[in-house]
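# Structure assessment
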Protein chains: 4
Amino acid sequence: MAGSVLGEVFKVMTWGESHGAGLGVVVDGCPAGLALSEADIQAFLDRRKPGETKYSTPRKEGDKVRILSGTFEGKTTGTPISLMVENTSQRSGDYSEIAQYYRPGHADYTFDAKYGFRDYRGGGRSSGRETIGRVAAGAIASRILEQLGITITAYTKQIGPYVCREECMDPKNVEKSPLRMPDLAVSEQAEEYLSGKMKEMDSVGGVVECVISGVPAGIGEPVFGKLDAKLAGNIVSIGAVKGVEIGAGFAVARMTGSENNDNFYMDSEGRVKKATNFAGGILGGISDGDDIVIRAAFKPTPSIFQTQKTVNRKGEDIEIQIKGRHDPVIMPRAVVVVETMAALTLVDSLFVGMTSRMDRIRDFYSDMR
Amino acid sequence: MAGSVLGEVFKVMTWGESHGAGLGVVVDGCPAGLALSEADIQAFLDRRKPGETKYSTPRKEGDKVRILSGTFEGKTTGTPISLMVENTSQRSGDYSEIAQYYRPGHADYTFDAKYGFRDYRGGGRSSGRETIGRVAAGAIASRILEQLGITITAYTKQIGPYVCREECMDPKNVEKSPLRMPDLAVSEQAEEYLSGKMKEMDSVGGVVECVISGVPAGIGEPVFGKLDAKLAGNIVSIGAVKGVEIGAGFAVARMTGSENNDNFYMDSEGRVKKATNFAGGILGGISDGDDIVIRAAFKPTPSIFQTQKTVNRKGEDIEIQIKGRHDPVIMPRAVVVVETMAALTLVDSLFVGMTSRMDRIRDFYSDMR
Amino acid sequence: MAGSVLGEVFKVMTWGESHGAGLGVVVDGCPAGLALSEADIQAFLDRRKPGETKYSTPRKEGDKVRILSGTFEGKTTGTPISLMVENTSQRSGDYSEIAQYYRPGHADYTFDAKYGFRDYRGGGRSSGRETIGRVAAGAIASRILEQLGITITAYTKQIGPYVCREECMDPKNVEKSPLRMPDLAVSEQAEEYLSGKMKEMDSVGGVVECVISGVPAGIGEPVFGKLDAKLAGNIVSIGAVKGVEIGAGFAVARMTGSENNDNFYMDSEGRVKKATNFAGGILGGISDGDDIVIRAAFKPTPSIFQTQKTVNRKGEDIEIQIKGRHDPVIMPRAVVVVETMAALTLVDSLFVGMTSRMDRIRDFYSDMR
Amino acid sequence: MAGSVLGEVFKVMTWGESHGAGLGVVVDGCPAGLALSEADIQAFLDRRKPGETKYSTPRKEGDKVRILSGTFEGKTTGTPISLMVENTSQRSGDYSEIAQYYRPGHADYTFDAKYGFRDYRGGGRSSGRETIGRVAAGAIASRILEQLGITITAYTKQIGPYVCREECMDPKNVEKSPLRMPDLAVSEQAEEYLSGKMKEMDSVGGVVECVISGVPAGIGEPVFGKLDAKLAGNIVSIGAVKGVEIGAGFAVARMTGSENNDNFYMDSEGRVKKATNFAGGILGGISDGDDIVIRAAFKPTPSIFQTQKTVNRKGEDIEIQIKGRHDPVIMPRAVVVVETMAALTLVDSLFVGMTSRMDRIRDFYSDMR
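Everything numeric in this text was worked out from a predicted model, so none of it was measured. (Residues numbered from 1 in each chain as written. Chains lettered and ligands numbered in written order. Predicted model: local features only at pLDDT ≥ 70, side-chain atom pairs only at ≥ 80, totals over all residues. Heavy atoms only, no water.)

## Quick look at the overall build of chain A
Rule in force here: Counting from the N terminus, the helices are DSSP H or I runs at least four residues long and the strands are E runs at least two residues long. Only C-alpha atoms enter the radius of gyration, while the globule expectation follows 2.2 Å times N to the 0.38, with N the number of residues. Residue contacts are defined here by distance: any two heavy atoms, one from each residue, within 4.5 Å place the two residues in contact. We get accessible surface area from the Shrake-Rupley algorithm with a probe of 1.4 Å; when it comes to residues, only the shown protein chains can shield them. Counting rule applied: Lys, Arg positive; Asp, Glu negative; His and chain ends not counted. We put the charge of a Lys on NZ, of an Arg on CZ, of an Asp on CG and of a Glu on CD.
Within chain A, the secondary structure is distributed over eight helices and 18 strands. For chain A, whose C-alpha radius of gyration is 22 Å, the value lies close to the compact-globule estimate of 21 Å for 369 residues. Principal axes of the C-alpha set define a box for chain A whose edges measure 65 × 50 × 35 Å. The long-range fraction of contacts in chain A, counting pairs at least 24 apart against all pairs at least 6 apart in sequence, stands at 67%. Carbon and sulfur atoms provide 47% of the accessible area of chain A, an area that totals close to 11,300 Å². Within chain A, one finds 45 positive and 48 negative side-chain charges whose respective centroids are separated by 4 Å.

So, in structure tokens, the structure goes:
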């Protein structure tokens, strides 16, 4: 397992480099009979596309997805779905220089240490373009969740010191903000902050928050297969993520049990509810029916245009100045990556979870006869 | 996969409930020829044992481990190692009451939602005793890492508002503090804070930090198999963990690229080093040769003795008062759990990583002939 | 993965050596709510027990199974089920001699080649006692299949040149034959043949056939996950199996398409049926609703009492005479091993198969709310 | 896991339908630094190509492979290798009729039973074209084995009643026979037999044998991960295979222990050898250093041009006559499929096997520093 496979039952394998022929993913384990078109997937890819605002790289990437297998007459057939996006905007010349040295904050050095050499063009496999496979597969997972009444919404919660206020976040505002910050007043402040850092040829970090609604209670496995463990691991696997929180997250360190425990009560429809949601919708690794809330900290883009100190492959200390086209802020484009990683995680957990009770399995198979 | 299996090549499967016959783990994939005794494993289990200080439950748990298979004449044979700890200190009577209701902050409700019923005695499978299997398997992983010159040290970094000062943390102090806080002055303050909360029949949260030294550069897989992703997922799988950070963690949200990028330089022995370690020893998911630094936020123990509101299985709002023996603070005993989860993750990544280069595989097998 | 883990969703990990503390298995992925007692499992283990007829080793093995976890009040809880059989009839002295040489037909040499040394007592992990873990886990799988209306019956089809006649095989006769051959006349001939070979201090081979009834059409995955591929692989994993056939098996090599194709027809209840079953109940790797028929060829027990030529660990040609207690024929005791391996395979395929259609998943989860 | 993923460490995921955009495979876990070109893979694909002799379908399939990722400057980079073959010779019209009924011996009925509907064009995913992904991935595995001094040779051993004579099989003759039978005299007889059956609008079955040379002793895992179990399972996963044998195979049923045991002896170079090879190079699931010999029984092509009885989707008994272009014999084209499935299996086992000894792991990582 060299790292590009995800999932136990709903399995995806992504492939592709920044400057190769293309990028893609194969999904094995998608159920038959799901309506699926290229447009369904394109809609997700378009949200991660660069070049749409002044805060993302001016590279024009067409990123048109093709479905190569696994559908017939507009529906999935149950066999592997192969998705591909061709690389069309390659300027390999831009990158020839970086072949010789290790960019700070990038995987150049570690790829060399691991593999002995690397495809240096645009970061190769460690490029942000690697997320195309995740998003394309996650689009399918999202279509499945839609059928089950589950929705996932992510947005930029924080950029530098600017944090959206809980009471001012309307999900409808996300797409109104060029930074995908639902608190539009804070978004404006963050834009100003970002513009300042861009002038200084610097980049900024931030936090993406993701809310999953409609998950029935009982999803997730105990011990290593906890739903929060799977979500955390998969979201940290997104490049640039340096931390992840569920529910109250790191704030629990300063809380007491009496503050942090969510009391249960019966709602008017006779359902078990929690008075608060510090747990973030997961107890003992298993969903409790409440919104699942997860946050990821993104480091500032390592590609900055300031002069930086580093070393070259010959083992000499040098100074470099990175060229090319790079996002000064990742979060707005990463929002859809977080959403789709959550979707992939959740579909797999839902599928595994179908076998947790003997009576339900018996009903399932007696219906089938 | 119902959640109790971990690892791709170094595989462990844990089992056991708080009040069943015992708890244990089977390890498949441990190499042959490793010296291993019950004492090696017992040393790790003893560090998670309760009843040693006033801050842990007064339950006496013998927790004596037996090696049931996989060793011969003091060495591992390469076949599965089965480890078992018998449960000896069961007072099932204490728990009969909780069969009927859902304790806030616990997995009672979610287990019922998932499985239709649950072994309520002492939390059953969701009890903290579940970590015995993790620690026992992780002890073996730690023995392997020792052979490879890799060490793992975890400690309590924070309890409530009391945070160890970077400059005052001596790893040798960890065992001198009843809270396993290496900054002894802060540890004393935290003890006072904790005592106060205990009097209020409350519990406290905190942070455990873990440092892994000696990992060669090049360990971890790109994309989903990133070393930080695996560490994060596996550490969040520890009950009560609500957040995890690598290196600078959530602090990166407020940093700029120029602040957060770790510059490379050549050290006097001709090795590539980083001037700082905001990355926490991992770049692009692959180790960079530096210390790997990871932190986990633990929520306060949900079992508190105050009156709490909740619901019972009949669907009625009720008030409860939890009895029994419960830790008011988890971190001191969780330190070894974090260490062993890190060890399990790392051994698996090291083993998978042996196949990353064709020349090394060729050498390996030509040596073998 | 060092080989002792089986299954994608219904996962088992076996452990134990012939002369260690015991043998066992952990099952992760057993649904909650299945009635399960130690007696249920013991019934299967008793069928593989030696010492019951003159054709099996006179060793007395108690082989009493204990359930260590995963059940509560007589039902499975959905958490890992740990099963253990203690070794009680160990005479390690018998085996000290074989430490120094490689028995022909055994794994002594290959274990040494792989691991550098081996637990030589009774064959260690490569002993036939290793099947205890398989049978114990398979007993649980069989209980699940029972709930789904699926039955598995295996029996000795052939011993040496003596082959049961299709028209004379009544499953009710299996337990009447000491060789578990349902054609009792042929069984008697085979007994005579076997007695002759025993007098010559030799052993005999044979074939076990296994019929699985009640599997609905549609189970199994295309390509690598074909039901027959999984069955074949898992049955060949039983020690001593050197070949496996599905349906007509090797006879297809001499058949033409017009002979081998099973024509479909509609039965009186409006169901799709096949006029013949050369396919053995599986088409394109997916069950067709017909009986699944599979056969395994077992080599004669390699432990024979004649003088044999071999080499020792010092690299010298030597002559040996094996002592101890060994079955002159494996098939009668292997019947239950084949059955349980089939059961383990089938349960896993049934569980994976629950996610093959979107409409069924939607129904499943809408029922769950 | 919906069936299209293979391998534990060297992982492949195939995709594609007979009449979709194309077919392909992604390989994750190929080590970096292996020289690999499209020509290397094409050479294998050309051997499974139809249209080359009168015994294969006259369809012209270009089957040109493209490497879409995972190589750089002619060498693998360690990241996923995506391979694709576009479908160019589609005549979907030929197949519209079969949408309505179930062809005997095909997976039409079982796909419908499993998924509710199917891509009926050319058999969709159950077409023999599915093997393109296997062969392409297996070509990479073969390149790896070449580096390790391991060779794999398969050929047609038997067609109908015509069986190659052990003493008359020269591997160099394989490509001289249009049936890939190395006993050229028997090949001619088989051709005559086949021509006769073709005139009768019928098809024939047979056996493919595969010999793997150069595998060091010690490869394969005990219990479920036995090398023969993996080989058997993976070879049965090839469409049309109904049986598989290792070494003496089903002949062991009639042998005694004294006949079947392979005696060990020391050869002149001081190596442990076996006087015979009834074991087929594998003892206790682990390679013994001898040639690994495996045979697969292929059923006659189910697509025959005679009138056949079957049912349609409306549930009516009907008579059909299959049209289109179909091979009257599969073995000659299947030879390379068997070889590549063996290669995929073996590479995975070799990679997993690198972690079987602590001393070797220690050496490996101390070399790495």
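Anyway, onward from the coordinates.
## Things to note about helix H3 (residues 131–147) of chain D
All names here are of chain D. Note the threshold: One less than the residue count of a helix, multiplied by 1.5 Å, gives the span that helix is expected to have. Each residue is assigned to one of three classes by its accessible area relative to the maximum for its type, calculated with a 1.4 Å probe on protein chains only: buried under 20%, partly exposed between the two thresholds, exposed over 50%.
Between the first and last C-alpha of H3 there are 24 Å, a value that for 17 residues agrees with the 24 Å anticipated at 1.5 Å per step. Within H3, 15 of the 17 residues are buried, which leaves it mostly tucked inside the rest of the structure. Remark: Gly149 follows H3 within two positions and exhibits a positive phi of approximately 75 degrees.

## What about the relation of the copies chain B and chain A?
This is how it is decided: Only residues with pLDDT of at least 70 in both copies count here: their C-alpha atoms drive the least-squares fit that superposes the copies.
In screw terms, the move from chain B to chain A is a rotation of 180 degrees and a rise of 0.0 Å along the axis, fitting with an RMSD of 0.0 Å. Taken together, the rotation angle and the small translation identify this as a two-fold axis. Every residue of chain B has its C-alpha some distance from the rotation axis, and the shortest such distance is that of Gly233 of chain B, at 1.8 Å. Here 100% of the interface residues in chain B have copies in chain A that are interface residues too; the copies meet face to matching face.

## Comments concerning the interface of chain A and chain D
Spelled out, the test is: Here the quantity called buried area is the total loss of accessible area, with a 1.4 Å probe, experienced by two parts when brought into contact, counted for both. Whenever Lys or Arg places a side-chain nitrogen within 4 Å of a carboxyl oxygen from Asp or Glu, that contact is recorded as a salt bridge.
Each side of the interface is counted separately: chain A has 44 residues, and chain D has 45 residues. Both faces considered, chain A and chain D share a buried interface measuring about 3,400 Å² in area, 67% of it formed by carbon and sulfur atoms. Three residues stand out in chain A for area buried against chain D, namely Met13, Phe72 and Phe117 of chain A, and they jointly supply 19% of the buried area on that side. One can count zero salt bridges joining chain A with chain D.

## Description of the sheet that holds strand S3 (residues 22–28) of chain C
All names here are of chain C. Quick note on the threshold: By the convention used here, strands pair only if DSSP detects at least 2 bridges between them.
Read from one edge to the other, the open sheet built from five strands follows the order S1-S2-S3-S7-S4, with strand pairing classed as antiparallel. This sheet does not close on itself; its edge strands, each paired only once, are strand S1 (5–6) and strand S4 (65–67). Note that S3 and strand S7 (residues 81–86) share six bridges and pair antiparallel. Each bridged residue has a counterpart across the sheet, and for Gly24 the counterpart in S7 is Met84.

## Some remarks on the interface of chain B and chain A
What counts, and what does not: Identification of polar contacts relies on pairs of N or O atoms within 3.5 Å, with a donor-acceptor requirement for protein atoms, meaning one able to donate a hydrogen and the other able to accept it, and with residues adjacent in sequence counted only if both atoms are side-chain atoms. Residue polarity is assigned by list, with Asp, Glu, Lys and Arg as charged and Ala, Val, Leu, Ile, Met, Phe, Trp, Tyr, Cys and Pro as nonpolar; anything else, Gly included, falls into the polar class.
Between chain B and chain A, the residue contacts involve 110 residues of the former and 110 residues of the latter. Together, the buried faces of chain B and chain A total about 8,200 Å²; carbon and sulfur atoms form 62% of this surface. Among the residues of chain B in contact with chain A, Lys114, Phe224 and Lys242 of chain B are the three that bury the most area, contributing 11% of the side total. Our count for the contact surface shared by chain B and chain A stands at two salt bridges. Here Lys114 of chain A makes a salt bridge to Glu221 of chain B, at a shortest N to O gap of 3.0 Å. Counting across the chain B and chain A interface gives 41 residue pairs in polar contact (both at pLDDT 80 or more). Residues of the side of chain B that touches chain A, tallied by class, amount to 50 nonpolar, 35 polar and 25 charged.

## Side note on the pairing of strand S18 (residues 317–321) of chain C
All names here are of chain C. When strand S17 (residues 307–311) meets S18, the two strands line up antiparallel, connected through five bridges. Note on S18: the bridge partner recorded for Lys309 is Glu319. Between S17 and S18, which pair antiparallel in sequence order, lie five residues; one of them, Gly315, sits at a positive phi of approximately 85 degrees.

## Re the sheet that holds strand S8 (residues 151–159) of chain D
Condition: Angles run from 0 to 180 degrees between N-to-C directions of axes, and those axes are lines fitted to C-alpha atoms, restricted for helices to the stretch in contact.
With respect to topology, 10 strands assemble into an open sheet ordered S9(C)-S8(C)-S10(C)-S16(C)-S11(C)-S11(D)-S16(D)-S10(D)-S8(D)-S9(D), the strand pairing being antiparallel. Strands with a single pairing partner mark the edges of an open sheet, and in this sheet they are strand S9 (162–163) of chain C together with strand S9 (162–163) of chain D. As defined by bridge partners, strand S11 (residues 241–246) of chain C adjoins strand S16 (residues 292–298) of chain C across five bridges and the pair is classed as antiparallel. Along S16 of chain C, the bridge assignment pairs Val241 of chain C with Phe298 of chain C. Across the sheet, helix H7 (residues 331–352) of chain D is in contact with S8, strand S10 (206–213) and strand S16 (292–298) of chain D; its angle to S8 of chain D comes to roughly 145 degrees.

## Digging into the packing of aromatic side chains
Rules: When the centres of two rings from Phe, Tyr and Trp lie within 6.5 Å, Trp using its six-membered ring, the rings pair. Their planes under 30 degrees apart give stacked, over 60 give edge-to-face, and anything left gives tilted. Consider the ring centre and the ring normal. A charge sits over the ring if Lys NZ or Arg CZ is within 6 Å of that centre and within 35 degrees of that normal.
If you walk through the whole model with that rule in mind, you get 34 aromatic pairs over all chains. Following the ring pairs from residue to residue traces out a cluster consisting of Tyr102 and Tyr109 of chain A together with Phe264 of chain B. The ring of Phe117 of chain C has Lys75 of chain B lying over it, and the distance from NZ or CZ to the ring centre is 4.6 Å.

## A short note on the confidence of the model for chain A
Test applied: Confidence of the predictor at the level of single residues is given by pLDDT, which spans 0 to 100.
On average, residues of chain A score 94 in pLDDT, and 95% of them are at 70 or above. Our summary of model confidence lists the complex with pTM equal to 0.97 and ipTM equal to 0.97.

## Description of the pattern of salt bridges
Applying the stated criterion to the full structure yields 100 salt bridges over all chains. One salt bridge in this structure joins Arg103 of chain D and Asp108 of chain D, with 2.8 Å as the shortest N-O distance. Residue Arg103 of chain D is classed as buried on the basis of its relative accessible area, which comes to 4%. Accessibility expressed as a relative area gives 3% for Asp108 of chain D, which makes it buried. Here Lys157 of chain D makes a salt bridge to Glu166 of chain D, at a shortest N to O gap of 3.1 Å. Look at Lys157 of chain D and you get buried, because its relative accessible area is 9%. With relative accessibility at 54%, the residue Glu166 of chain D sits in the exposed group. When salt bridges with common partners are traced through the structure, they connect Arg103, Asp108, Asp112, Arg118 and Arg313 of chain A into a single cluster.

## Focus on the pairing of S3 of chain C
Residues and elements named next belong to chain C. Most of S3 is tucked away: seven of the seven residues are buried. Residues Gly22, Gly24, Val26 and Asp28 of S3 are buried on one face, and the alternating residues Leu23, Val25 and Val27, pointing to the opposite face, are buried as well. Two strands pair when backbone bridges link them, and strand S2 (residues 11–16) and S3 are joined in this way by six bridges, in the antiparallel orientation. Looking across to S3, one finds that Trp15 is bridged to Gly24. Counting the residues in the hairpin turn of S2 and S3 gives five residues.

## Describing a negative patch on the surface
Let me state the cut-off plainly: What goes into a patch is any residue over 30% in relative accessible area without a salt bridge, connected to like charges within 9 Å or, for nonpolar side chains (Val, Leu, Ile, Met, Phe, Trp, Tyr), within 5 Å.
Where like charges cluster on the molecular surface, the negative patch consists of Asp359, Asp363 and Asp367 of chain A together with Asp359, Asp363 and Asp367 of chain C. At the level of secondary structure, the elements contributing two or more residues to the negative patch comprise helix H8 (358–368) of chain A together with helix H8 (358–368) of chain C. Mapped onto the fold, Asp359 of chain C is located in helix H8. According to the relative accessible area criterion, Asp359 of chain C is partly exposed, its value standing at 36%.

## Side note on the environment of Ala232 of chain D
Residue placement: Ala232 of chain D occurs in helix H5 (residues 227–236). Residue class for Ala232 of chain D comes out buried when judged on its relative accessible area of 0%.

## Description of the environment of Phe264 of chain C
Its place among the elements puts Phe264 of chain C in strand S12 (residues 264–266). Each C-alpha atom of the pair Phe264 of chain C and Thr276 of chain C lies 8.6 Å from the other, and the pair is 12 residues apart in sequence. Those residues in contact with Phe264 of chain C that sit more than four places away from it in its chain are Val272, Lys273, Lys274 and Leu283 of chain C together with Tyr102, Arg103, Pro104, Tyr109, Lys309, Thr310 and Val311 of chain D.

## With respect to the packing of helix H5 (residues 227–236) of chain B against helix H7 (residues 331–352) of chain B
All names here are of chain B. Just so we agree on the cut-off: Helix crossings get a hand from a simple test, with the near helix turned counterclockwise from the far one by less than a right angle marking a left-handed crossing and a clockwise turn marking a right-handed one.
Two elements in contact, H5 and H7, have axes separated by 9 Å at closest approach and are oriented at 145 degrees. For the crossing formed where H5 meets H7, the hand is right-handed. When H5 is examined against H7, the residues Leu227, Lys230, Leu231, Asn234 and Ile235 are found in contact with a partner set consisting of Val338, Met341, Ala342, Thr345, Leu346 and Ser349. Each residue belonging to the contact of H5 with H7 can be placed in one class, and the counts come to seven nonpolar, three polar and one charged.

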